[in-house]
Amino acid sequence: MSDEVQDELWPHFVPLWTDLRKIAPGLLLAGGYGLFLKQQWLISQLRFLGTSDGHSIVTPTGDKLVVDEIRTLVAIHRWKDQTPRVTKDFDFLISLNLIASPEEQRRLHEVLDKHGFKVVPENARWQFSKVIGEGRQVVLDFHAPSPEQKRDDLRIQARRVKPQPSLGQMGVHGRENPEAAGSELHPFSFKFKELEIALPNPVTLTVMKLTAMRDRWSVSQDASKSAEVRELESLQARKHAEDVCRVIAMMTREESETTGVVLDTVRGSPVYAAAMTTYSEFFKTDEGWGSQAVAERWQAEDFQIIQNTLAIWFK
């Protein structure tokens, strides 16, 4: 069983998340850190043989374990690499109503200030950062779904969802994220180290990761970019492709039972159509770039399960 990964962000995340959720109970943790914590949670359910009355199994690395009854699409003990991918960012999905509320914006502003998160000037009001050590910082991005219809209390400018009228230098904007469509449907909550964490449903997370992978890969193919930039973008695209698989592999039975509702809601939207195209190009066959990038990280039968799930969602 993998040892717990050192997480220097946790001491900064806990008080911030706790205070923000008091203002916005519907706040969701997306991005790499959300997947990191969910994977840590699943790993924490594994126990060495003899510490529980559960069923004994053997992992690919030869460790004998006892597995608690948290059923996921691909059991964590079957993963070739159980080490969660460390990240340096927080990605929060906030509601449109929160952005539009001057009172909640004031309280949110006070929380960010209290915990030392300062505006990143070039991405003012949707991105904040906090110094956590010499030469180290954590970056916080606020994302928001696209409004489905025009609202008098919101405006969109340069992919920012802003309150209307403006609150000046107070509060936050949301980085418009069309791929967050359906994120309010059936979020998944779990308790890790006594803290309740809430993530978007796996369909929304998969669409977000497919899009991020495609965008990074496209830049990596741009001949006008330097070799260094193209290599970096290719690496980031590969990480997002790996995250697509992690999202699906970690899907619990509870989450699986609600994916149909989410798919019925987003199916027919431009975002869903784009995800279908991306799936077809990158994951539909073993020759797709996404499949080629990540297949070796999984046992063959488990990667087939992941591919089959993508096919059901995006066929």
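As the structure is a prediction and not an experimental result, all values here were calculated from the model.

Peer 1: So what's going on with the overall build of the chain? Which residues, and what values?
Peer 2: Counting its secondary structure elements, the chain contains 11 helices and 13 strands. Its C-alpha radius of gyration of 20 Å places the chain within 12% of the 20 Å reference for a compact globule of 315 residues. Residue burial in the chain is summarised as follows: out of 315 residues, 50% are buried. Residue pairs in contact within the chain that sit at least 24 positions apart in sequence constitute 68% of those at least 6 positions apart. Surface accessibility of the chain: about 15300 Å² in total, with carbon and sulfur atoms responsible for 49%.

Peer 1: For the pairing of strand S7 (residues 127-133), give the residues involved together with the corresponding values.
Peer 2: Within S7, five of the seven residues are buried, which leaves the element mostly enclosed by the surrounding structure. As paired strands, strand S6 (residues 118-119) and S7 are joined by two bridges and run antiparallel to one another. The residue of S7 that forms the bridge with Lys 118 is Ser 129. The pairing of S7 with strand S8 (residues 136-144) spans six bridges and is classified as antiparallel. Residue pairing across strands places Gln 127 opposite Asp 141, the latter belonging to S8.

Peer 1: How would you summarise the packing of aromatic side chains if you had to cite specific residues and measurements?
Peer 2: The final tally for this structure, using the stated rule, is 20 aromatic pairs. Look at Trp 10 and Phe 192: their rings are 5.5 Å apart centre to centre, the planes differ by 75°, and that puts the pair in the edge-to-face class. Linking Trp 10 in helix H1 (residues 10-23) with Phe 192 in strand S12 (residues 188-192), this pair joins segments that are 182 residues apart in sequence. Each member of the pair, Trp 10 together with Phe 192, is buried. An aromatic cluster of at least three residues, connected via ring pairs, comprises Trp 10, Phe 13, Trp 17, Tyr 33, Phe 36, Phe 90, Phe 92, Phe 128, Phe 142 and Phe 192. For Lys 193, the ring lying beneath its charged end belongs to Trp 10, and the centroid distance is 5.4 Å.

Peer 1: Requested: an account of the nonpolar core, with residues and values cited.
Peer 2: Nonpolar side chains in soluble globular proteins generally cluster together in the buried interior. In terms of nonpolar packing, the biggest core is built from 84 residues, with Phe 13, Leu 37, Phe 90, Phe 92, Ile 197 and Phe 283 touching the most fellow members. A total of seven residues in this core trace back to one element, the largest contributor, which is helix H2 (residues 31-44).

Peer 1: Give me unusual backbone geometry: which residues, what numbers.
Peer 2: Omega for the bond connecting Gln 164 with Pro 165 falls within 30 degrees of zero, at 5°, which places this linkage in the cis form. Take Pro 165: it is sitting in the loop between strand S10 (160-163) and strand S11 (174-176). The phi torsion at His 186 lies on the positive side, around 50°, for a residue other than glycine. Relative to the helices and strands, His 186 resides in the loop between S11 and S12. Judged by relative accessible area, His 186 falls into the partly exposed class, the value being 38%. One non-glycine residue, Glu 194, lies in positive phi territory at about 70°. With respect to the helices, strands and loops of the structure, Glu 194 is situated in the loop between S12 and strand S13 (195-199). The exposure class of Glu 194 is exposed, given its relative accessible area of 72%.

Quick notes on the rules
Residues numbered from 1 in each chain as written. Predicted model: local features only at pLDDT ≥ 70, side-chain atom pairs only at ≥ 80, totals over all residues. Heavy atoms only, no water. Helix = DSSP H or I, 4+ residues; strand = E, 2+ residues; numbered from the N terminus. Rg over C-alpha atoms; globule rule 2.2 N^0.38 Å. Buried < 20%, exposed > 50% of the residue type's maximum accessible area, 1.4 Å probe, protein only. Contact = heavy atoms within 4.5 Å. Areas by Shrake-Rupley, 256 points an atom, 1.4 Å probe, with all protein chains shown as cover. Pairing = 2+ DSSP bridges. Phe/Tyr/Trp six-rings, centres within 6.5 Å; stacked < 30°, edge-to-face > 60°. Lys NZ or Arg CZ within 6 Å of the ring centre and 35° of its normal. Core = buried A, V, L, I, M, F, W, Y, C linked by side-chain atoms within 4.5 Å.

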